[in-house]
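Structure at a glance
Each chain, written out:
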Amino acid sequence: MKMMHCHSGVEKGMKKGGNPIEVMGLLLGRPDPDTPKQLVVTDAFPIPIEGFETRVVADDLDAQNYMISLGESLERTRKEKIMGWYHSHPFDVGTDSHCYLSQTDINTQLLWQRSEDPRGNPFLAIVVDPLRSLAKNVPEIKAFRVYPPEYNSPVTNECPDGNIIAEEQARLEKWGSCWSRYYELKVQYFMSGSARNVMGILTQNFLWMRTLGSTPMLETENRQRYPDRVAAVAEKVKVLDVASSATAVGSGGVVGGAGRAASHHHQARGMGFGGGGGGGAAAGGGAGWQPLSSTPVPSGIAVENGKEDDGGELGKAIQGVVELAEERIHGNVVQLAKKELFS
């Protein structure tokens, strides 16, 4: 549910011709009775709140009324409580995940914790990175809680995940400007036995889902390398074009002269050819001219003993162009299929 809601925000923003929209929702669950420090999320409910960049605030009157109505309905129909909230960070796919808390997120989470923690309902914040989830084909979800304002970590440069990052810029890029004010909780996934069986059947019978669930061309590594690959292939084709032009000019003069010489020597055999045709006379020698190939050969492809050399430089360049085109076409087709199927 969370992932579908977050992806819908991406689609909605892109359809309007702008950036993906951040969305928000509430989490239903409870502390684990056997391990009270472990929080179990059982359901998620989208709420009509949208935002941009790192700002998603539930300050709209209609949204607040919706949340109140939803809470009253859940109290009557469910045993669990509202025990957390989630929102998306649909930023461009980069080296690091965009699952972190901004200053606004921390203020919101702190208000919830102060209200719900004393009631025995530890409140949770979850951040979803929908674009990275699509690109990597793995849910990019992280859970957090906030330290009290007066808390100072005894460990210098300790990040929310407990690791030490000495370089300040690296900490900011990975965890945001408020990296010292919150901590990460380990996330585990679970499902019922019946749900596991259904997923197993779908995975086994519908392997096409793997293709729709992954888009390699959106990955940062591929997007960064693509222009370089195009430039490399273009340069190779350019060099081959210049080389083939020079070869054609040189061969026409030198070999043609050899042909004229051969025509004088083998006049009775009809060996005299002008221009490039004299090359055949020179290659044939006294044994008589024989065609090297019965089919025309494109300029630039090496030919030896009547066979084309598939490993020639031009062949390799053509193969590179074909691979780049196939990758781009395949990626675009997959994206269009996803849009039609899931939007």
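This is a predicted model, so every value here is computed, not measured.

Some words on the overall build of the protein chain
When you go through the protein chain residue by residue, the secondary structure sums to 10 helices and eight strands. For the protein chain, with 343 residues in total, the buried portion stands at 33%. The long-range fraction of contacts in the protein chain, counting pairs at least 24 apart against all pairs at least 6 apart in sequence, stands at 64%. Surface exposure of the protein chain reaches about 21100 Å², of which carbon and sulfur atoms provide 56%.

Quick word on the nonpolar core
Buried together is how nonpolar side chains tend to be arranged in soluble globular proteins. In this structure, L101, I106, V127, F144, V146, W175 and Y182 are the most contacted members of the largest nonpolar core, which totals 15 residues. Among the secondary structure elements, those contributing two or more residues to this core are α3 (103-116) and β5 (141-146). Setting aside its immediate chain neighbours within four residues, L101 contacts H87, I106, V127, F144, V146, W175, C178 and Y182. Membership of the second largest hydrophobic core comes to 14 residues, among which are M24, F45, L74 and F123.

A look at empty space enclosed by the protein
With the rule as written, the count across this model stands at one cavity of 30 Å³ or more. The volume enclosed by the largest cavity comes to roughly 40 Å³. Forming the walls of the largest cavity are Y147, S153, E158, C159, W179 and S180.

A few points about the packing of aromatic side chains
Each aromatic ring pair is specified by the distance between its two centres and by the angle formed by the two planes. A full pass over the atoms with the stated rule returns five aromatic pairs. With centroids separated by 5.2 Å and ring planes inclined at 90 degrees, the aromatic side chains of F144 and Y182 adopt a geometry described as edge-to-face. Placement of the pair is F144 in strand β5 and Y182 in strand β6 (residues 182-185), with a sequence separation of 38 residues. With relative accessibility at 0%, the residue F144 sits in the buried group. Under the relative-accessibility criterion, Y182 is labelled buried at 1%. Consider the rings of Y147 and Y151, whose centres lie 4.1 Å apart with planes at 20 degrees: the pair is stacked. On the accessibility criterion, Y151 (32% relative accessible area) is partly exposed. Taken together, the ring pairs in this structure connect F144, W175 and Y182 into an aromatic cluster. Taking the ring centre of W179 as reference, the NZ or CZ of R171 above it sits at 4.4 Å. Here the basic side chain of R328 rests over the ring of Y226, its NZ or CZ set 4.1 Å away from the ring centre.

Overview of the pattern of salt bridges
Applying the stated criterion to the full structure yields six salt bridges. Note that R132 is salt-bridged to E140, the shortest N-O span being 4.0 Å. A single burial state applies to R132 and to E140, both of which are buried. Salt bridges here are not isolated pairs; linked through shared partners, they connect D43, R78 and E80.

Remarks on the pairing of strand β4 (residues 124-128)
On any regular strand, side chains alternate: one points to one face of the sheet, the next to the other face. Of all five residues that make up β4, five are buried, and the element is covered over most of its length. Neither face of β4 is exposed, since L124, I126 and V128 on one face and A125 and V127 on the opposite face are all buried. Note: strand β3 (residues 81-88) against β4, five bridges, orientation parallel. Bridging across to β4, H87 finds its partner in V127. Following the chain from β3 across α3 to the adjacent parallel β4, one finds a crossover that is right-handed. Pairing of β4 with β5 involves four bridges; the strand directions are antiparallel. In the strand pairing of β5, I126 is matched with A143.

Quick notes on α3
A rise of 1.5 Å per residue sets the reference length of α3, with its 14 residues, at 20 Å; its end C-alpha atoms lie 20 Å apart and thus fit the reference within 8%. Here α3 has its buried residues at T104, D105, I106, T108, Q109, L110, Q113 and E116. Those residues of α3 hidden inside the fold are in contact with β3, β4, β5 and β6.

Some details on unusual backbone geometry
The backbone of N157 shows a phi angle near 60 degrees, a positive value even though the residue is not glycine. Among the structural elements, N157 can be located in the loop between β5 and α5 (168-175).

Considering the confidence of the model for the protein chain
With 66% of its residues at a pLDDT of 70 or more, the protein chain shows a mean pLDDT of 74. Contacts from residues 251-310, a stretch scored under 50 in pLDDT, to residues over four places away or in other chains number 38 contacts.

What counts, and where the lines are drawn
- Residues numbered from 1 in each chain as written.
- Predicted model: local features only at pLDDT ≥ 70, side-chain atom pairs only at ≥ 80, totals over all residues.
- Heavy atoms only, no water.
- Helix = DSSP H or I, 4+ residues; strand = E, 2+ residues; numbered from the N terminus.
- Buried < 20%, exposed > 50% of the residue type's maximum accessible area, 1.4 Å probe, protein only.
- Contact = heavy atoms within 4.5 Å.
- Areas by Shrake-Rupley, 256 points an atom, 1.4 Å probe, with all protein chains shown as cover.
- Core = buried A, V, L, I, M, F, W, Y, C linked by side-chain atoms within 4.5 Å.
- 1 Å grid on protein atoms, 1.4 Å probe; cavity = no way out; pocket = protein on both sides within 12 Å on 5 of 7 lines; lining within 4 Å.
- Points joined across faces, edges and corners; volume = space filled by probe spheres on them.
- Phe/Tyr/Trp six-rings, centres within 6.5 Å; stacked < 30°, edge-to-face > 60°.
- Lys NZ or Arg CZ within 6 Å of the ring centre and 35° of its normal.
- Salt bridge = Lys/Arg side-chain N within 4 Å of Asp/Glu carboxyl O.
- Pairing = 2+ DSSP bridges.
- Right-handed = clockwise from strand over helix to strand, strands pointing away.
- Expected span 1.5 Å × (residues − 1).
- pLDDT = per-residue confidence, 0-100.

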